[in-house]
Amino acid sequence: MASHNLLILPGDGIGPEVATQVERVVDWFGKRGIARFETERDLVGGSAYDAHGVAISEDAMKRAHAADAVLFGAVGGQKWAGVPYEHRPEAGLLRLRKDLKLFANLRPAICYPALADASSLKRENIEGLDILIVRELTGGVYFGEPKEIVTLENGQKRAVDTQVYTTGEIDRITRVAFDLARTRRNKVSSAEKHNVMRSGVLWKQVVTEIGKEYPDVELEHVLADNCAMQLVRWPKQYDVIVCDNLFGDILSDVAAMLTGSLGMLPSASLGAPDEKTGARKSLYEPVHGSAPDIAGKGLANPIAMIGSFGMALRYSFGLTEAADLLDGAIADVLASGVRTRDIAGPGVNTVGTVGMGDAIIKALDTRG
Ligand code: IPM
Ligand code: MN
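Scope of this entry: the structure provided in the associated data block. What you see is a predicted model; the values in this text were computed from it and never measured.

The next thing to look at is the pattern of salt bridges. By the definition in use, this model includes 25 salt bridges. The salt bridge partner of E23 is R41, with a shortest N-O separation of 2.8 Å. Highlighted residues: E23 in helix 1 (residues 15–31) and R41 in strand 2 (residues 36–41), separated in sequence by 18 residues. In this structure, the salt-bridge partner of E285 is R97, at a minimum N-O distance of 3.2 Å. Linking E285 in strand 12 (residues 282–286) with R97 in helix 4 (residues 89–99), this pair joins segments that are 188 residues apart in sequence. The exposure class of R97 is buried, given its relative accessible area of 5%. Through salt bridges with shared partners, a single ionic network connects D130, R184, R185 and D239.

With that settled, consider the packing of aromatic side chains. In total, this model carries six aromatic pairs according to the counting rule given. Here the aromatic rings of F37 and F317 are separated by 5.7 Å at their centres, their planes lie at 55°, and the arrangement is tilted. With a gap of 280 residues between them, F37 in strand 2 and F317 in the loop between helix 10 (303–315) and helix 11 (320–335) connect regions that are remote in the sequence. Exposure remark for F317: the relative accessible area of 13% places this residue in the buried category. Relative to Y214, the ring of F178 lies with its centre 4.7 Å away and its plane at 25°, an arrangement referred to as stacked. With F178 in helix 6 (residues 167–182) and Y214 in the loop between helix 7 (198–211) and strand 9 (218–223), this pair connects stretches of sequence that are 36 residues apart. Each member of the pair, F178 as well as Y214, carries the same accessibility label: buried. In textbook terms, an aromatic cluster arises when at least three aromatic residues are bridged by ring pairs, as seen for W28, F29, F37, F309 and F317. Geometry around Y85 places R88 over its ring, the cationic atom sitting 3.9 Å from the centre. Between the NZ or CZ atom of K98 and the centre of the ring of F143, over which it lies, the distance is 4.6 Å.

Rules of the game
- Residues numbered from 1 in each chain as written.
- Chains lettered and ligands numbered in written order.
- Predicted model: local features only at pLDDT ≥ 70, side-chain atom pairs only at ≥ 80, totals over all residues.
- Heavy atoms only, no water.
- Salt bridge = Lys/Arg side-chain N within 4 Å of Asp/Glu carboxyl O.
- Helix = DSSP H or I, 4+ residues; strand = E, 2+ residues; numbered from the N terminus.
- Buried < 20%, exposed > 50% of the residue type's maximum accessible area, 1.4 Å probe, protein only.
- Phe/Tyr/Trp six-rings, centres within 6.5 Å; stacked < 30°, edge-to-face > 60°.
- Lys NZ or Arg CZ within 6 Å of the ring centre and 35° of its normal.

What follows is the structure in structure tokens.
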């Protein structure tokens, strides 16, 4: 049986609690003989800063490079508001993305029927929603140089962030989007702002060219601001949305909220396949943050983190059946009415983080 090496980086806030539940699920798959996983934990974010004075240690980076996949919790919190900018918790995540060259961020937004009423949109607008945001993750304004604050002669300060994309960067993320659209509903919507930004002009040109290689996939271009509006108007018009790093950050939060809970959504960040082995560097993380307000209280919903492991089964290990099994178990649990606080309507009984983990393990036992 193949053995896979998983590095778990729980991070801060609710990260460690939800990571514990994902470890139970990983163990379940190991015990069932579906695949063997060797797991180890390390620190990232504020917890790494507290221990080592940096947002991720060199040793943890080495382990991340060596791992078959990284499972990441969440980083950040008020506690670290005053740490030097280069050591802020988010820097750990950004370094992982950049150093592991994880340029393709897949953020599915799926609305479970059982949760349709938890959305801020009307049920008919989001029931059955299944869209995938493909966000470029290692370029654009997040990493462009210069990136600085300088003091001018008149004493004012001037802040610069640089939005920059090369054709190669746009090319590779676009191909990921088209390839995935082929496994879904064959539609790609490319969001940019070519009406204002040079990078948008180039983005649109490159996507158009690549689209010609995929005549079976419908391509549409949409201005990013209009895309945000369309997402809250009629999100089901979309299948795959491809966009740059910053637009993807914003649009994926919008899409996440449509589904009824940010606590539900997993994501995958993938590198290019290795030329010899075909293996990709990969990191999986919930879309939600570290939620310091509920950290340590056992209230956090572990579904996004567990679903992220499901994406690892699918995209890193090719274990499609196992991934379907896990997604099915999550859907069963939701359909049976088990709710953490974030997805419960008024007056509904709720379980905590461990209770939700228990329910998912039980559903796996029943299905598997
Ligand atoms: C996300 C987060 C990160 C981002 C932060 C934590 C750096 O918001 O993954 O969407 O902006 O990319
Ligand atoms: Mn974000």
